[in-house]
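Here is how the chains run, residue by residue.
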There are 2 protein chains.
Amino acid sequence: MPANLAFMELALQLATENVVSGAGGPFGTVVVKDGAVLATGANSVTVANDPTAHAEVVAIRNACQQLGSFQLDGCEIYTSCEPCPMCLGAIYWARPAAVYYANTHVDAANAGFDDSFIYTELPLPPEQRKLPMHHIEIANADECFQRWKQSQKKVEY
Amino acid sequence: MPANLAFMELALQLATENVVSGAGGPFGTVVVKDGAVLATGANSVTVANDPTAHAEVVAIRNACQQLGSFQLDGCEIYTSCEPCPMCLGAIYWARPAAVYYANTHVDAANAGFDDSFIYTELPLPPEQRKLPMHHIEIANADECFQRWKQSQKKVEY
């Protein structure tokens, strides 16, 4: 399905309104299904005391509640800015059909939102990251995985 | 502060209990502050219809609610398994002091939780990713950023 600029205009409007109201950062996201708005989200990190409440994550959560599903099958995500690594990860787990973005990570960095540090850290082995990250070996650590493999109740995702 | 194995045992116990109860995937996380458990989380993707509800994200959200803050200053995260890219991004935004993990991404992949696809996709330019991702140029897309720079109400994060 070709991009519908009206949905992007809405995502950008949410981003601007979020700043004007003082609710949060300059980011907005719209999830579209079957050519209609399914859910929206705006950055609410500071107002909700939730560092994961980026616009994309908020919109994905809202859209999944609307669908009663943990997957965004056949949905499109229109987001005001190129997603950060956390949001990109969330998008991959939600499995939408496509993503559209307006501002780029360079635009975001120029406005003080520089996620290049995180993009640089992620591919490194844990022990080489600047955030101290330690592997602890524990006997039977894999019991949870063994139980999962055997479980009759599990819902795969 | 040296790692405290009791917190990792708790994270692993949460992971196993989550499978046994049928609530979700085999992952648990504990957030520690000043040597005590501040909050915990277990994977609840399928039960909550929330693809972002990985154990680390749930625990970070719970810990931030406890603190009334969007940052985990001075906290340690004990997680049953090496974080996926989404959770790693969330951890960087939450800014804890350290992260400890027991199972590795190889252990997770052997149990059917393979996040190597996402790790491979993230460093690619958007147009080269397998998930269709398109830049849309829109006039005045940066109005939200300009407003942010001028805002007197903004709370930086």
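Cut-off values and rules
- Every chain's residues receive numbers from 1 upward, in the order its sequence appears when written.
- Each chain takes a letter, starting from A, and each ligand takes a number, starting from 1, following the order in which they are written.
- The predicted nature of this model means local features are confined to residues of pLDDT at least 70 and side-chain atom pairs, given and counted, to a pLDDT of 80 or more, with totals for whole chains, interfaces and linings taken over all residues.
- Working from all heavy atoms in the structure, the side-chain values ignore hydrogens and water.
- Strands here are runs of E lasting at least two residues and helices are runs of H or I lasting at least four, both read from the DSSP assignment and numbered beginning at the N terminus.
- For the exposure calls, accessible area comes from a 1.4 Å probe over protein chains only, and a residue counts as buried if that area is under 20% of its type's maximum, exposed if over 50%, partly exposed in between.
- Should any heavy atoms of two residues lie within 4.5 Å, those residues are counted as being in contact.
- A 1.4 Å probe and the Shrake-Rupley method give the accessible areas. Residues count as covered only by the protein chains that appear here.
- Positive charges come from Lys and Arg, negative ones from Asp and Glu, while His and the chain ends are left out of the count.
- All charge positions are set by atom: Lys at NZ, Arg at CZ, Asp at CG, Glu at CD.
- Residues adjacent in sequence count toward polar contacts only when both atoms are side-chain atoms; beyond that, a polar contact is any pair of N or O atoms within 3.5 Å, and within protein one must be able to donate a hydrogen and the other to accept it.
- Least squares is used to superpose the copies, and the fit set is the C-alpha atoms of residues whose pLDDT is at least 70 in both copies.

Participant: Account for the overall build of chain A, with residues named and values stated.
Facilitator: Per the secondary structure count, chain A includes seven helices and five strands. Along chain A, helices (α) and strands (β) appear in the sequence α-β-β-α-α-β-α-β-α-α-β-α when read from the amino end. Taken along its principal axes, the extent of the C-alpha atoms in chain A is 55 × 40 × 30 Å. Split into buried and exposed, the 157 residues of chain A put 57% on the buried side. When contacts within chain A are restricted to residue pairs at least 6 apart in sequence, those whose partners lie at least 24 apart make up 48%. A total accessible area of about 6,500 Å² is found for chain A, and carbon and sulfur atoms account for 50% of it. If you average the places of the 9 positive and of the 17 negative side-chain charges in chain A, the two averages end up 13 Å apart.

Participant: With reference to specific residues and values, describe the environment of Tyr-119 of chain A.
Facilitator: Residues and elements named next belong to chain A. With respect to the element layout, Tyr-119 can be found in helix α6 (residues 116-121). The exposure class assigned to Tyr-119 is partly exposed, which follows from its relative accessible area of 22%. Residues Tyr-119 and Pro-85, 34 residues apart in the sequence, show an inter-C-alpha distance of 6.5 Å. Within the structure, the side chain of Tyr-119 is placed 3.1 Å from the backbone oxygen of Pro-83, a separation counted as a polar contact.

Participant: Pulling in residues and values, what's your account of the relation of the copies chain B and chain A?
Facilitator: Of the transformation superimposing chain B on chain A, the axial component is 0.0 Å and the angular component is 180°, with the fit at an RMSD of 0.0 Å. Taken together, the turn and the small shift mark the pair as related by a two-fold rotation axis. Minimal C-alpha separation from the rotation axis in chain B is found for Met-86 of chain B, amounting to 2.1 Å. A high fraction, 100%, of the interface residues of chain B reappear at the interface in chain A, so the copies pair face to face through one surface.

This is a description of form; function is not addressed.
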